[in-house]
Amino acid sequence: VGLGVIAAELPDADLLYSGPVVGMGKLGYLLHHRGHTHTIVFAVAAALVMWIVLLHLRKRAAGVLDGRERAPLLVLALAGTLSHLLLDFTNSYGVHPFWPLDNRWLYGDSVFIVEPWIWVVAIPALLFGPRARWSRVLLSLLLVAILAASWMLGELTRSLALVVTVGAVLSLLVQRMMTSTHRIGVGIAGWLMVEGVFAVSSGQAKRAVRAAMPAGETPAEVIVSPGAGNPFCFDGLVVSMTASRYVVRGATIAPWSFTNAESMRSTHSCRARAGATRFGSLAGATPSTLVASTRVTWGDEWAAPRDELAALATSRCEVAAALHFYRVPVWNHARDGAVHFSDLRFGVGTRGFSDVSVAAGACSLSRRAWIPPWTPPRGEVLQARSPLAR
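This is a predicted model, so every value here is computed, not measured.

Asker: Please give an account of the overall build of the protein chain that cites residues and values.
Answerer: Looking only at helices and strands, the protein chain features 11 helices and eight strands. The C-alpha atoms of the protein chain give 23 Å as radius of gyration, which agrees with the globular expectation for 390 residues (21 Å, within 12%). If one aligns the C-alpha atoms of the protein chain with their principal axes, the spans along those axes are about 70 × 55 × 35 Å. For the protein chain, with 390 residues in total, the buried portion stands at 47%. Intrachain contacts of the protein chain at a sequence separation of at least 6 include 63% that bridge at least 24 residues.

Below you can see the structure in the form of structure tokens.
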């Protein structure tokens, strides 16, 4: 159990050195979290090290090591580290697991970052059977916590929170009637079903957006993210470019024909806090003029000269660094010459997760700053070399 828990959490060890340790503040966190420790190279190496250390400790404690333990413990260590990468891939933040062979970010765009249905199908499978009392108490508290969050944090509508709660009760009843072997199998099957439903709906949502685009306009990228607990309604961001303009549009998307995007948006049935636009205080954002369909309802849009992002990356080292992470870069110019730079995936103007203020003048990054080699998600917009490449 200890090995499984440590292995599953170890890729987040990058939290210990990102940020101030690399002399980059918030940018350090954005660039280095889900960085080198979220790669297959690290996952395999870390699992092997933990396995060797555990075998050594068990041998010292018991004197004799059962050879039949070796392979299952190695499989468990690898399952822990690699499953962390897989789960992180499923949301819109992204990972780049194939470094150093491939530095591109990969995005699943299919599962909310704290998805309650995963907890609902996984915890009951572990709760019953020969388990210590403290372990049962801890698992029960975790299940109660995710249900309380579903009701109280505003990410789910009340009707959806009720569905998740009923699902948790049914999951507990089904697991209670099963043998220990069947519990694990059903838990894994439930997890695969949740992931599969969200992944298929994500693909449908992206196809719906591309079909709704004006004739002759092909988006550079469609980014979609479901609401918590709801695979039938997605928030979307569409990045488009012409020879001279860089355009970002927001959308509410109904991935399936039995749902209606406008109805979900107007009744807030997609998400309890629907209607709070991602564009926030972004200067120049206006309601989109694109025609809505039953599957796609357009929200705000924002545009800037395409050359401007390349110019900012050339003149401001902080912008050049941020573009190794930012998937939907947007920016405001302040009167004092500063640039407020954000990734629209995480909103704007709310002291947000990705908001960075870049002052005019000399580069503020420390000489200790270590810029990772990740391929800029919006590299096609950058028409000039950044100062970091010189």
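Asker: Summarise the pattern of salt bridges; cite the residues concerned and give the values.
Answerer: Enumeration over the complete set of coordinates arrives at 10 salt bridges. Asp-102 serves as the salt-bridge partner of Arg-104, at 2.7 Å between the closest nitrogen and oxygen. Residues Glu-221 and Arg-327 are paired through a salt bridge, measuring 2.8 Å at the closest nitrogen-oxygen approach. With Glu-221 in strand β1 (residues 221-227) and Arg-327 in the loop between α11 (317-322) and β6 (329-333), this pair connects stretches of sequence that are 106 residues apart. Residues Glu-221 and Arg-327 agree in their burial class; the two are buried.

Asker: Now, about a nonpolar patch on the surface: what can you tell me, with residues and values included?
Answerer: Together, Trp-151, Met-152, Leu-153, Leu-162, Val-166, Val-169, Leu-170 and Leu-173 line one region of the surface with nonpolar side chains, adding up to about 810 Å² of accessible area. Top contributing element to the nonpolar patch by residue count: helix α7 (residues 158-176), with five residues. Here Trp-151 is to be found in helix α6 (residues 133-152).

Asker: Requested: an account of the layout of surface pockets, with residues and values cited.
Answerer: Size it by volume and the second largest pocket reaches roughly 250 Å³. Around the second largest pocket, the lining is made up of 13 residues, and of these Trp-117, Val-197, Gly-229, Pro-231 and Phe-232 lie nearest the centre. Within the residue set of the lining of the second largest pocket, elements represented by two or more residues are α5 (116-127), α8 (180-212) and β2 (230-241). Residue contributions to the lining of the second largest pocket peak at four residues, all from α8. Of the residues in the lining of the second largest pocket, the class split is 10 nonpolar, three polar and no charged.

Asker: I'd love a proper account of the nonpolar core, names of residues and values included.
Answerer: Nonpolar side chains in soluble globular proteins tend to be buried together. Ranked by internal contacts, the top residues of the largest apolar core, which has 41 residues, are Tyr-246 and Trp-331. With five residues, the single largest contributor to this core is α11. Judged by nonpolar contacts, the second largest core, of 21 residues, contains Trp-117, Leu-147, Leu-160 and Ala-228.

Asker: Outline α5, listing residues and values.
Answerer: The end-to-end C-alpha distance of α5 is 16 Å, a good match for the 16 Å that 12 residues give at a rise of 1.5 Å each. As for α5, its buried residues are in contact with α6, α7 and α8. Put simply, Glu-115 is the residue that caps the front of α5, since its side-chain oxygen is 3.0 Å from the backbone nitrogen of Trp-117. Downstream of α5 by one or two residues, Gly-129 has phi in the positive range, about 95°.

Asker: Any details on empty space enclosed by the protein? Residues and values, ideally.
Answerer: Going through the model one piece at a time under the given rule, you end up with one cavity of 30 Å³ or more. Around the largest cavity, the lining residues are Ser-92, Ile-223, Val-224, Ser-225, Asp-235, Gly-236, Leu-237, Arg-278 and Arg-345. Listed by contribution, the elements that provide at least two residues to the lining of the largest cavity are β1 and β2. Along the lines of polarity and charge, the residues of the lining of the largest cavity split into three nonpolar, three polar and three charged.

Conventions used here
Residues numbered from 1 in each chain as written. Predicted model: local features only at pLDDT ≥ 70, side-chain atom pairs only at ≥ 80, totals over all residues. Heavy atoms only, no water. Helix = DSSP H or I, 4+ residues; strand = E, 2+ residues; numbered from the N terminus. Rg over C-alpha atoms; globule rule 2.2 N^0.38 Å. Buried < 20%, exposed > 50% of the residue type's maximum accessible area, 1.4 Å probe, protein only. Contact = heavy atoms within 4.5 Å. Salt bridge = Lys/Arg side-chain N within 4 Å of Asp/Glu carboxyl O. Patch = residues over 30% accessible without salt bridge, like charges linked within 9 Å, V, L, I, M, F, W, Y side chains within 5 Å. Areas by Shrake-Rupley, 256 points an atom, 1.4 Å probe, with all protein chains shown as cover. 1 Å grid on protein atoms, 1.4 Å probe; cavity = no way out; pocket = protein on both sides within 12 Å on 5 of 7 lines; lining within 4 Å. Points joined across faces, edges and corners; volume = space filled by probe spheres on them. Nonpolar A, V, L, I, M, F, W, Y, C, P; charged D, E, K, R; others polar. Core = buried A, V, L, I, M, F, W, Y, C linked by side-chain atoms within 4.5 Å. Expected span 1.5 Å × (residues − 1). Polar contact = N/O pair within 3.5 Å; in protein donor to acceptor, adjacent residues only side chain to side chain.

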